[in-house]
Amino acid sequence: MTTASPDIVDIWAGDQDLPAWFVEAMALPREEAFVEVNGHKVHYFRWGTRGKPPLLMTHGFLAHARCFAFIAPFLAGDYDIIAYDLAGMGESEMSADCDGDKRASDMVAIAEALDLFSGAVKPKIIAHSFGSGVALTAMEMAGERFGGLIICDLMVMRPERLAAHFENGGGPPGSGRSDRPNKLYPDYPSARERFVLAPPQPVQQPFLMEYMAYHSLRRVDDGEQQGWSWKFDPMVFHRNENDMAKWAQTPQRIADLPHRLAIVYGEKSKLFDGDSAAYLRELGGGHIPMIAVPDAEHHLMLDQPLALVTALRAVLALWTD
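Keep in mind that this is a model prediction, so the values were computed, not measured. (Residues numbered from 1 in each chain as written. Predicted model: local features only at pLDDT ≥ 70, side-chain atom pairs only at ≥ 80, totals over all residues. Heavy atoms only, no water.)

Colleague: Please clarify how the pairing of strand β8 (residues 226-230) should be interpreted in this entry.
Modeller: Successive residues of a regular strand alternate their side chains across the two faces of the sheet. Burial analysis of β8 places 4 of its 5 residues in the buried class, which makes it a mostly covered element. What sits between the antiparallel neighbours strand β7 (residues 217-221) and β8 is a turn of 4 residues, in which Gly223 has the positive phi angle 95 degrees. (Buried < 20%, exposed > 50% of the residue type's maximum accessible area, 1.4 Å probe, protein only. Helix = DSSP H or I, 4+ residues; strand = E, 2+ residues; numbered from the N terminus. Pairing = 2+ DSSP bridges.)

In structure tokens:
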């Protein structure tokens, strides 16, 4: 018998006819808890069986671990899976002086704290977008402790395309103001209206957009203020020069990584496409498998979730150690 997930609530699901695959995936038992690493609390979910090959998952900028909550259950029969919220996003606390290196150090510390390094098989990382940048740095720091990294649609462009991207109003991942407090909206519909994807794209599975929007917001009722606001901490927008320099060097860093790596991307993505793949090969990354998910854009789990599962399964099936 399928048990309803606490994530499926009327305020976002309403009377939608949710597909059976989603309802069944969300009903799979999972652990939800916090772990303290490097002085701040990190929120995570855990599926599968401890002792099986471990997977560590994280998300894109301003998103949260629930973007894998309907992906991980399809892998849980064979793996011990952790999906966590990056610092200052979702339910995780923001950490002081948080930069790319500290986020990567957190990733390694989370794997350590949740005992992912103790088994015979090294943990593998699956990360989307901004989270892939964090994972790339973690692999540079401690790649010998991990079994490989699957990058999901991290922004990669030739320098001239990147310059044109900026000129046309694009910005680095996570552009925003760290000194501006999150806005308080009077009700959920008002807040929901402000939830958009970056980069903008239509979503082929609209119910997943509703799911992600609802879990990106929190209800505020502290006696003085009532309404809805974002879960993320505005300080996540803070950037330093080292972060920006590393970000600009991402293509070469990917090509040069001396550890096992694969890339899964949306075939219609605006941030990683066939030319991005060609550029990586020119930089020396011809050994890296690069798999395009048909009819998906950057937010590929919201477009083609089951095709993404298939791509991940295919890569993991080849990485048995």
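Colleague: Before we go on, may I ask you to explain helix α12 (residues 305-318) in this structure?
Modeller: Residues spaced three or four apart along an α-helix point in a common direction, a consequence of the helix completing one turn every 3.6 residues. Across its 14 residues, α12 extends 21 Å between first and last C-alpha, which sits within 8% of the 20 Å expected from 1.5 Å per residue. Listing the buried residues of α12 in full gives Pro305, Leu308, Val309, Ala311, Leu312, Val315 and Leu316. Across the axial projection of α12, the buried residues extend over an arc of 165 degrees, all falling on one side. (Expected span 1.5 Å × (residues − 1). Arc of directions from axis to C-beta.)

Colleague: Is there a simple way to think about empty space enclosed by the protein in this case?
Modeller: The method is simple in principle: a probe with the dimensions of a water molecule rolls over the atoms, and the space it marks as empty is what remains. Under the definition given, this model contains 2 cavities of 30 Å³ or more. The space that makes up the largest cavity amounts to roughly 50 Å³. If you go around the largest cavity, the residues you meet are His40, Val42, Tyr84, Asp85, Leu86, Ala87, Arg103, Asp106 and Ile110. Those elements that place two or more of their residues in the lining of the largest cavity are β2 (40-48) and α3 (100-113). (1 Å grid on protein atoms, 1.4 Å probe; cavity = no way out; pocket = protein on both sides within 12 Å on 5 of 7 lines; lining within 4 Å. Points joined across faces, edges and corners; volume = space filled by probe spheres on them.)

Colleague: How should I be thinking about unusual backbone geometry in this particular structure?
Modeller: The phi torsion of most residues other than glycine is negative, and most of the peptide bonds are trans. In this structure, Pro199 follows Ala198 across a cis peptide bond, with omega equal to -5 degrees. Here Pro199 lies in the loop between α6 (188-192) and α7 (206-214). Notably, Asp115 is not glycine yet its phi reads approximately 65 degrees, a positive angle. Position of Asp115 among the secondary structure elements: in the loop between α3 and β5 (124-128).

Colleague: Quick question: what am I supposed to make of the environment of Ala111 here?
Modeller: With respect to the helices and strands, Ala111 occurs in helix α3. Exposure remark for Ala111: the relative accessible area of 0% places this residue in the buried category. Look past the residues within four positions of Ala111 in its chain and what remains in contact with it is Leu56, Leu116, Phe117 and Phe146. (Contact = heavy atoms within 4.5 Å.)

Colleague: I would appreciate a short explanation of the side chain of His299 in the present structure.
Modeller: Position of His299 relative to the elements: it lies in the loop between β10 (290-293) and α11 (300-303). Among the residues examined, His299 registers a relative accessible area of 12% and is labelled buried.

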